[in-house]
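Geometric and topological summary
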Amino acid sequence: MKKRTFIKVTAITAAGSVLLPITSCSPGDKSGTDKKSTMESGSVPVFELPALAYGFDALEPSIDARTMKIHHDKHHAGYVRKLNAAIEGKEKYAGKTLEDIVKNVKDDETAVRNNGGGHYNHTLFWETMSPKQTEPKGDMLDKINGTFGDMESFKSQFKKAALGQFGSGWAWLCIDGKDLIITSTPNQDNPLMTDVVEGKPAYPILGLDVWEHAYYLKYQNMRGNYINNFFDVINWDAVTERFMAHMKG
Ligand code: MN3
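So, here's what we can say about the structure. (Residues numbered from 1 in each chain as written. Predicted model: local features only at pLDDT ≥ 70, side-chain atom pairs only at ≥ 80, totals over all residues. Heavy atoms only, no water.)

Considerations on the overall build of the chain
Scanning the chain for helices and strands turns up 11 helices and three strands. Accessible area for the chain stands at about 11400 Å²; split by element, carbon and sulfur atoms hold 54% of it. (Helix = DSSP H or I, 4+ residues; strand = E, 2+ residues; numbered from the N terminus. Areas by Shrake-Rupley, 256 points an atom, 1.4 Å probe, with all protein chains shown as cover.)

Structure, rendered in C-alpha cells:
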C-alpha cells in the first residue's frame, strides 16, 4: 500500500514543482529555477522565501496587510531559515526538492518536519490565494459538485474541518487517488507526509492556515469569520492547475 502510494506521488513531483517554483536552488544558482543542474550537482538545496505575487494589502478585507507582512516576512521566513539549517551538510537531502523532503520526512525528524512543512504549506497558501475573483470551472467544478454536492456544501465541509482543527494547524482540500477529500493536520504537518499522516497520504491542492498568527490581529478568536472571508480570496485558477496536473499524472 505504501509503495503504491509512494510511486503515485512521485509521478507528480515534476508537475508540483512547476507550481512551487522557488523551492529549490543550489548555492550558485541565482535563478532558483534550474532544477536540472541542482539535481545533477547533487548539492543539498538552499531554499529561499518566495516573493508574494501580490501586495501585502491585496487580500484586504479578508486578510489585513499587517498580518500578511508579519506572516510572510517573519513566520514563513523563519521556516525557510530553520529548514536550511536543519538540512545543511546532510547528504540524504542532496538533489531533493521540497516536495521530496516533505513526503519522505519521518515522524521523529522534528526540525525538518516542522520547518519543511512550514515552508511547503505557506508557499502553497500564498499561491492559492489571489485578490482576483476566481471561481472553479470545468472539471474542477464538476469534481467539487460530484463529491460534495455543490459549492456551498464544499464550503461548509471545509469550514467544519478548519474550525474543528484543535489548536494550530491547517485545513486541506486534497486529491486521494482520483477523489477529492477534505482533511486537517496539526502544526505544520502536511497531507503529503507519508510517515506522519494517519492512514495514507494525499496530495494537497488548497490549504488554509488556521494558526492564530494567520488571523488573530484582525479576527481575534473568531476563526469562523476568517474562514468565511478566506473563501473570497481563493485562487481557483491555481487550485485547478494543481488539480489538473495531479489528475494527469
Ligand atoms: Mn502560518
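Examining the environment of Ile-63
Along the chain, Ile-63 turns up in the loop between helix 3 (35-41) and helix 4 (65-87). A relative accessible area of 4% means that Ile-63 is categorised as buried. Put simply, Ile-63 and Tyr-219 are 156 residues apart on the chain and 9.3 Å apart in space, counted from C-alpha to C-alpha. Apart from the residues lying within four places of it in its own chain, the contact partners of Ile-63 are Met-68, Phe-125, Met-129 and Tyr-226. (Buried < 20%, exposed > 50% of the residue type's maximum accessible area, 1.4 Å probe, protein only. Contact = heavy atoms within 4.5 Å.)

Details of the pairing of strand 3 (residues 203-209)
Remark: a regular strand shows side chains that alternate across the two faces of the sheet. Most of strand 3 sits inside the fold, with seven of its seven residues counted as buried. Relative to strand 3, strand 1 (residues 169-176) runs antiparallel, the two sharing six bridges. Bridge pairing links Trp-170 to Asp-209 in strand 3. (Pairing = 2+ DSSP bridges.)

Things to note about the sheet that holds strand 3
Consider a sheet: its strands pair through backbone hydrogen bonds, and that pairing is either parallel or antiparallel. The three strands lie next to each other as 2-1-3, forming an open sheet whose pairing is antiparallel. What marks the edges here is a single partner per strand, and that holds for strand 2 (179-186) and strand 3. Each adjacent strand pair in this sheet contributes to an overall mean axis angle of 20 degrees, direction not counted. (Axes fitted to C-alpha atoms, helices over the stretch in contact; angles between N-to-C directions.)

A closer look at the side chain of Asn-84
Relative to the assigned elements, Asn-84 resides in helix 4. A polar contact of 2.8 Å, which involves the side chain of Asn-84, links it to the backbone nitrogen of Phe-47. In this structure, Asn-84 is in contact with Pro-45, Val-46 and Phe-47, ignoring residues within four places of it in sequence. (Polar contact = N/O pair within 3.5 Å; in protein donor to acceptor, adjacent residues only side chain to side chain.)

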